Amino acid sequence: MTLTQIQHSMAVNLISNLWLIKLFLPKMLELNDGHIVNIASLAGFFPLRNSTDYCAAKSGSIHAMNQLRMDHMKTNVKFTAVCPFFVRTGMITGINPPGSISAETLVSRAISGIRENKEVIMVPGLFRFMKFIQDLAPTYLMRSLVKVAPKGGDEDKEADKFIGQKMSEKIK
């Protein structure tokens, strides 16, 4: 990956979110009302093969929501990070990961979570349990689980095909 591609990934997946928040948050704070919703990704919590830049940006995006929530906890402004698994869009063209969801499913679950003022919405919800285990398990245990996972299965073939959305070298 080139530096230009990394910068593009950060601009699209992190900096653009922060810029939009900077534009809208002051008025929300003035009104003492509002809800910032950020579409992040489960890749911000869990590693995704061949996607270091994307995972780093989404992790930063999730952490930004946590920080904003802390900074503005004495206001009525809410902050929600929506963290989907693979959503069947152009970004995952060419692969068909098990458990991928439709955009409609994501929107429906996100709206439900926002109405309930959830801070983090993981779709599918099973990943909440996986995150809990990840947080409790020592790093060496998580590594050993990856090492004993069968190699060469359909999941490995799908992961090897994943390259993410194509990025242009020309960034204006």
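Above this text sits the structure in question.
Quantities reported herein were computed from a predicted structural model and do not represent experimental measurements. (Residues numbered from 1 in each chain as written. Predicted model: local features only at pLDDT ≥ 70, side-chain atom pairs only at ≥ 80, totals over all residues. Heavy atoms only, no water.)

Chemist: Hey, could you run me through the sheet that holds strand S3 (residues 120–123) in this one?
Modeler: Two orientations exist for strands paired in a sheet by backbone hydrogen bonds: parallel and antiparallel. Spatially, three strands are ordered S1-S2-S3 in an open sheet, and the strand pairing comes out parallel. The sheet is open, and its two edges are formed by strand S1 (34–39) and S3, each paired on a single side. Strand-to-strand, the axes of this sheet are offset by a mean angle of 20°, without reference to chain direction. The sheet contacts of helix H1 (residues 3–31) involve S1 and strand S2 (77–84), and relative to S1 the element is tilted by about 170°. Its contacts with the sheet put helix H3 (residues 103–115) on S1, S2 and S3, and the angle it makes with S3 is roughly 155°. (Pairing = 2+ DSSP bridges. Helix = DSSP H or I, 4+ residues; strand = E, 2+ residues; numbered from the N terminus. Axes fitted to C-alpha atoms, helices over the stretch in contact; angles between N-to-C directions. Contact = heavy atoms within 4.5 Å.)

Chemist: Mind showing me how you'd approach the pattern of salt bridges here?
Modeler: Two side chains carrying opposite charge are able to pair once their charged atoms lie near each other. Taken as a whole and assessed by the stated rule, the structure comprises three salt bridges. Lysine 27 serves as the salt-bridge partner of glutamate 30, at 3.1 Å between the closest nitrogen and oxygen. Here lysine 27 and glutamate 30 lie together in helix H1, a separation of three residues that amounts to about one turn. The class for glutamate 30 is exposed, based on a relative accessible area of 59%. The shortest N-O distance in the salt bridge between lysine 118 and glutamate 116 comes to 3.6 Å. Since its relative accessible area comes to 37%, lysine 118 is described here as partly exposed. Here glutamate 116 falls in the exposed class, since its relative accessible area comes to 52%. (Salt bridge = Lys/Arg side-chain N within 4 Å of Asp/Glu carboxyl O. Buried < 20%, exposed > 50% of the residue type's maximum accessible area, 1.4 Å probe, protein only.)

Chemist: I keep staring at the nonpolar core and nothing clicks. Help me out?
Modeler: Counting 18 residues, the largest nonpolar core has Leu42, Phe45, Met65, Phe79, Cys83 and Met122 as the members making the most contacts within it. Among the elements of the structure, H1, helix H2 (52–71), S2 and S3 are those that each provide at least two residues to this core. Residues in contact with methionine 65, not counting those within four places in the same chain, are Ile21, Ile36, Asn38, Phe79, Thr80 and Ala81. (Core = buried A, V, L, I, M, F, W, Y, C linked by side-chain atoms within 4.5 Å.)

Chemist: What is the right way to read unusual backbone geometry from this model?
Modeler: Comment: phi is negative for the bulk of residues other than glycine, and the bulk of peptide bonds are trans. The phi dihedral of asparagine 32 falls on the positive side, at around 55°, and the residue is not glycine. Along the chain, the position of asparagine 32 falls in the loop between H1 and S1. Phi is positive for asparagine 117, which is not a glycine, with a value near 55°. Within the fold, asparagine 117 resides in the loop between H3 and S3. Judged by relative accessible area, which is 43%, asparagine 117 ranks as partly exposed.

Chemist: Help me out: how do you make sense of the packing of H1 against H2 in this one?
Modeler: A packed helix pair is summarised by two numbers, namely the angle formed by the two axes and the spacing between the axes. Between H1 and H2, whose axes approach to 7 Å, the crossing angle comes to 20°. Of the possible angle classes, the one that applies to H1 and H2 is roughly parallel. Two packed elements cross with a definite hand, and for H1 against H2 that hand is right-handed. Residues Ser9, Met10, Asn13, Leu14, Asn17, Leu18, Ile21 and Leu25 of H1 touch H2, and the partners they reach there are Asp53, Tyr54, Ala56, Ala57, Lys58, Gly60, Ser61, Ala64, Met65 and Leu68. Tallied by class, the residues present in the contact of H1 with H2 amount to eleven nonpolar, five polar and two charged. (Parallel < 35°, antiparallel > 145°, perpendicular 65-115°, else oblique. Left-handed = near helix turned anticlockwise from the far one by under 90°. Nonpolar A, V, L, I, M, F, W, Y, C, P; charged D, E, K, R; others polar.)

Chemist: Is there a simple way to think about the packing of aromatic side chains in this case?
Modeler: Any two aromatic rings considered together are summarised by their centre-to-centre distance and by the angle between their planes. Under the criterion given, the structure shown has three aromatic pairs. Each ring, one from phenylalanine 46 and one from phenylalanine 127, has its centre 5.7 Å from the other, and the planes form 55°; the classification is tilted. One end of the pair, phenylalanine 46, is in the loop between S1 and H2; the other, phenylalanine 127, is in helix H4 (residues 126–136), and 81 residues separate them in sequence. A relative accessible area of 12% places phenylalanine 127 in the buried class. By the ring-pair criterion, three or more aromatic residues cluster together here, those being Phe46, Phe85, Phe86 and Phe127. (Phe/Tyr/Trp six-rings, centres within 6.5 Å; stacked < 30°, edge-to-face > 60°.)

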